[in-house]
Amino acid sequence: MVKQKTSAQTRIRAVTDHAVTGLAIAATVLVIAPLVAIFVYLILRGASSLNLDFFTKIPKPVGEKGGGMANAIVGSGILLAVASAIGVPIGIGGGIFLAEFGRGTRLANSIRFTADVLNGVPSIVMGVAAYALIVSPHISFLPMLGHFSALSGGVALGIMMIPTVCRTTEEMLLMVPHAIREAALGLGVPNWRSVLSITVKTASPGIITGCMLAFARVAGETAPLIFTALGNSFWSTSLNEPIAALPLQIYVYAISPYDEWHRLAWAGALVLIVLIVLAVSLVRYVTSRGVLKGAS
Amino acid sequence: MSETRIVPPQPKAGSLSSENERVVASPANVSAVRRYLSERGNSAAADRWFHYLMLLCALSIFGIVALIATELVIGSELSWHRLGFHFFFSSYLDPYTSMRLFWDPVNEHFSALPFVYGTLVSSFLALLIAVPLAVGVAVFLTEMCPGALRAPLAFMTELLAAIPSIIYGLWAVFVLVPLLRDYVNPLLIRAFGWTGLFESDNPTGLGFVAAAVILAIMILPIISSLTREVMMAVPHSQREAVLALGATRWEMIRMGVLRNARIGIVGAIILGLGRALGETMAVTMVIGNTPEIHRSLLSNGASMAAVIANEYAEATTDLHRSALTEIGLALFVVTILVNALARLLVWAVTRGAPQRAH
């Protein structure tokens, strides 16, 4: 009697085990499915509408066939250049402080914590803050500011890059073996020189990939650009005027009622995702190559 | 952290000057080494400046948070003075149609209630969908998956996190919403129509359910990757101890891993909630953007982030813009709190754990 009960229990336990394994596999398949679906749709709908015009022409008025997003691609490039000029140096500097000077101190811990929290602040809030800071006419004490402009969009994106760059730089610097630093300092190299030419240089592949990760994340941001860069259907390369951006243009086209514009939105999305996947794969490749895993 | 801290050989200011004095006192017999050392004295100043510069960069992160907070507070001052705390609760009756209205910029009636409601409903619905799946994926990847599959699958879930929200939105509008409208929503109405939560009065397919599904897809990667991290931080000895008592694999996962990692998993879920609360573009494109409150989850709604995205650039009156800024401020405060809580929980679990060798 007792023996029978145990065996029934064992069977139930075994069945539960198999059921859970099955559920976990099902969950994984269910999670991968949308990823595959998104890529299949992007490639099917996007590739069929990509052509040379897409990269060389500016948008045509409603009702006319053709046209492209050349101005949006260039605009995105300008916005990202401004963002990187702000986000990358400050982020790397912050990372150097956290890893080299402030290690273990309470100040460094609180900065690290704030950076993580800042990373989670919604991009739309960054946009509102950038609007209030730069676009809003109340504080037009500088001639360039006080209206929608490429500069304000770039600043909003740049601020968003700082915490990501800062944290990845710190993590990469922490991987540099202590012996290298000690060797440099032992030769009488000043500390600042040792940090810049030895530690940062050793970790530079990792730091560059961290910057690219932040870059890829910011490249797809739309929300903070809606009311800072505003968008533009004509050529503009001035920092002082509204500028087109690829994600913004995709948004405008996607919610429009015209088939021709939907086609362009898919093509734009394909271009955007190809850029981002390239950046992420590069990151993956460099970090998995093992250059940085020497010691810790 | 058992690493030894290096103390860079920084000459003290006092000793430096005395050395210089000695050099000055006997200029005749200055050896090459001594001259080199005295010239090197400059690097103390350079070191100090470098230190301050890096400190400034690091402190700029505090500065950014403070700047955002002050800008939002100043921007929402007008709305705060005119509408007060009622902003988040009030509604008014339209005199002509006697319908309850919340948001009417033309007549300067502002109430954030439908947006708060929409954000909360869509986020919690998204968590309901995403959490079991994310934990399932994490369990599969850390405990069950064959080694060869682990890296590609982990990469694919990470890739899901790298897709920009505008592309999720585009896909949702053209693929997901028609799918829900034609196949899923009729099923939901047939199965759960009696609860009143699913009513068939919205032919568009947009609404809370569509927003929740796309949000769930978007927050899945962050929940599952953090869950994976805290599960990997559970020491191997725990697993081995439970297995040695004769547990099956699932019992080992349940008692040895999930129970030890539960605080961290809660942290991961809260972090996912933080993402969901602030997610803008994809939600804006599928939630329907009508500032109303309905019981049915299939009806159109609006969210805090969506209303800012839709109206901020076109707000004409100061009060309208100020009210939108106040919604932004509320979003900022809530996401800061949620993220801080989540980080503390995850940190509490992964703190002392050594990184498992890959």
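Residues numbered from 1 in each chain as written. Chains lettered and ligands numbered in written order. Predicted model: local features only at pLDDT ≥ 70, side-chain atom pairs only at ≥ 80, totals over all residues.

J.: Describe the overall build of chain A, with residues and values.
T.: Across its full length, chain A carries twelve helices and zero strands. Reading the helices (α) and strands (β) of chain A from amino to carboxyl end gives α-α-α-α-α-α-α-α-α-α-α-α. Computed over its C-alpha atoms, the radius of gyration of chain A comes to 25 Å, more than 25% above the 19 Å expected for a compact globule of 296 residues. Dimensions of chain A, computed from the C-alpha atoms along their principal axes, are close to 80 × 65 × 40 Å. Looking at chain A as a whole, 51% of its 296 residues qualify as buried. Taking as baseline every contact in chain A between residues at least 6 positions apart, the subset at least 24 positions apart corresponds to 73%. (Helix = DSSP H or I, 4+ residues; strand = E, 2+ residues; numbered from the N terminus. Rg over C-alpha atoms; globule rule 2.2 N^0.38 Å. Buried ≥ 20, exposed ≤ 12 C-beta atoms within 10 Å, placed from the backbone. Contact = placed C-beta atoms within 7 Å.)

J.: Could you give an account of the overall build of chain B, with specific residues and numbers?
T.: From N to C terminus, chain B includes 13 helices and two strands. Burial statistics for chain B: of 358 residues in total, 43% are counted as buried. Residue pairs at least 24 apart in sequence account for 78% of intrachain contacts in chain B once pairs closer than 6 positions are excluded.

J.: Explain unusual backbone geometry to me, using residue names and the numbers behind them.
T.: Residue and element names in this part refer to chain B. In the Ramachandran plot, glutamate 108 falls in the positive-phi region, its phi being about 60 degrees despite a non-glycine side chain. Here glutamate 108 lies in the loop between strand E2 (100–101) and helix H5 (113–144). With 12 C-beta atoms counted inside 10 Å, the residue glutamate 108 sits in the exposed group. In this model, asparagine 289 sits at a positive phi of 55 degrees, which is unusual for a non-glycine residue. In this structure, asparagine 289 sits in the loop between helix H11 (281–286) and helix H12 (304–311). Asparagine 289 gets classed as partly exposed once you count the C-beta atoms within 10 Å, which come to 19.

J.: Which residues make up the nonpolar core, and what values go with them?
T.: With 200 residues, the main nonpolar core has B:Ala172, B:Ala210, B:Ile214 and B:Val286 as its most contacted residues. Of the residues that make up this core, three or more belong to each of domain 1 (2–49) and domain 2 (52–289) of chain A. Beyond its immediate chain neighbours, meaning those up to four positions away, B:Ala172 contacts B:Val177, B:Ala210, B:Ile214, B:Ala282, B:Met285 and B:Val286. (Core = buried A, V, L, I, M, F, W, Y, C linked by C-beta atoms within 7 Å. Domains from an automatic or database assignment.)

J.: Tell me about the confidence of the model for chain A, and name the residues and values.
T.: A residue-level look at chain A finds 92% of positions with pLDDT of 70 or above and a mean pLDDT of 86. The low-confidence segment residues 292–296 of chain A, where pLDDT is below 50, has eight contacts with residues more than four positions distant or belonging to other chains. (pLDDT = per-residue confidence, 0-100.)

J.: Residues and numbers for the confidence of the model for chain B, please.
T.: All names here are of chain B. In the predicted model, chain B carries a mean pLDDT of 85, and 87% of its residues have values of at least 70. For the stretch residues 1–25, pLDDT sits under 50, and the model shows 21 contacts to residues farther than four places along the chain or on other chains. Every residue in residues 354–358 is under pLDDT 50, and counting partners more than four places away or in other chains gives one contact.

J.: Can you lay out the interface of chain B and chain A for me, pointing to particular residues and giving the numbers?
T.: If you look at the interface, chain B gives 72 residues, while chain A gives 75 residues. When residues of the side of chain B that touches chain A are assigned to their parent elements, the largest contribution, 19 residues, is made by helix H3 (residues 42–75) of chain B. Grouping the amino acids of the side of chain B that touches chain A by side-chain chemistry returns 50 nonpolar, 15 polar and seven charged. (Nonpolar A, V, L, I, M, F, W, Y, C, P; charged D, E, K, R; others polar.)

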